[in-house]
Amino acid sequence: MHGDSESRELFGTETMAELSARQGRIADALAIYRQLCARGGDDERHARWSARLRELEGQGVSAAAAAAPGLITKAPARAVAAPASRPSPDHVLPLVVRQPVRAGQIVYAEQNDLIVLAPVNPGAQLLADGNIHVYAPLRGRAVAGVRGAREARIFCQRLEAELVGIDAAYVAAEDIAPERFGKPAQVTLEDGRCVVRPL
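Novice: Provide a residue-level description of the overall build of the protein, including the pertinent values.
Specialist: Scanning the protein from terminus to terminus reveals four helices and 11 strands. For the protein, with 199 residues in total, the buried portion stands at 40%. A fraction of 24% describes how many contacts in the protein between residues 6 or more apart in sequence connect residues 24 or more apart. For the protein, the exposed area adds up to about 11600 Å²; of that, 53% sits on carbon and sulfur atoms.

Given below as structure tokens:
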């Protein structure tokens, strides 16, 4: 089990901030981004975090306005596209990534599964509303079912991940059983906790 400080450190990342934002937990996302900005970092990351923090703060104001009808805020007018007349396809193909995912990169398959055909390096992050398939070593972080699809799974050819998770549950590298580490594996959610099983 992780101590409180270890859990806060693990979840105090850009990945977890974005996961919170996509699940509608704007307050949690704001708290994480404020911690990241206070912690500092290189210029590029700090500028990205600051910009995202301002964007989420705007979303927080909009949500508060919706919850309190007496509060009036101004927002720029946006053109609304007319709905497409053609029917939507019966099946949407998953997002496929064919090149290695480098440290610092975040790949998000929105309302879809994610298939990665190349290595996922340490520091890289995979997010998907559906399942995640990695047909190569998975050394970074991967979270499937980020919008609450608790039946989602992660499948990988070689599990060497820093962290894997389904919905809001996760398993860190040090908690993966030695006999599963470095081998083909699948990650599922059972009784509210992530379980790593052989593939």
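Past the structure itself, the notes keep going.
Novice: Can you tell me about the side chain of asparagine 112, naming the residues and giving the values?
Specialist: Within the fold, asparagine 112 resides in the loop between β2 (106-109) and β3 (114-116). Reaching out from asparagine 112, the side chain makes a polar contact with the backbone oxygen of leucine 93 at a distance of 2.9 Å. Not counting chain neighbours up to four residues away, the residues in contact with asparagine 112 comprise Val92, Leu93, Pro94, Leu95, Ala128, Asp129 and Gly130.

Novice: Describe the pairing of strand β4 (residues 125-128), with residues and values.
Specialist: Here β4 shows no split at all, with Gln125 and Leu127 on one side and Leu126 and Ala128 on the other all buried. Judged from the four bridges that link them, β4 and strand β6 (residues 141-144) form a sheet pairing that is parallel. The partner of alanine 128 across the bridge, within β6, is alanine 144.

Novice: Can you explain helix α2 (residues 14-22)? Please cite residues and give values.
Specialist: Among the nine residues in α2, eight count as buried, and that is most of the element. Positive backbone phi, approximately 85°, marks glycine 24, located one or two places after α2.

What counts as what
Residues numbered from 1 in each chain as written. Predicted model: local features only at pLDDT ≥ 70, side-chain atom pairs only at ≥ 80, totals over all residues. Heavy atoms only, no water. Helix = DSSP H or I, 4+ residues; strand = E, 2+ residues; numbered from the N terminus. Buried < 20%, exposed > 50% of the residue type's maximum accessible area, 1.4 Å probe, protein only. Contact = heavy atoms within 4.5 Å. Areas by Shrake-Rupley, 256 points an atom, 1.4 Å probe, with all protein chains shown as cover. Polar contact = N/O pair within 3.5 Å; in protein donor to acceptor, adjacent residues only side chain to side chain. Pairing = 2+ DSSP bridges.

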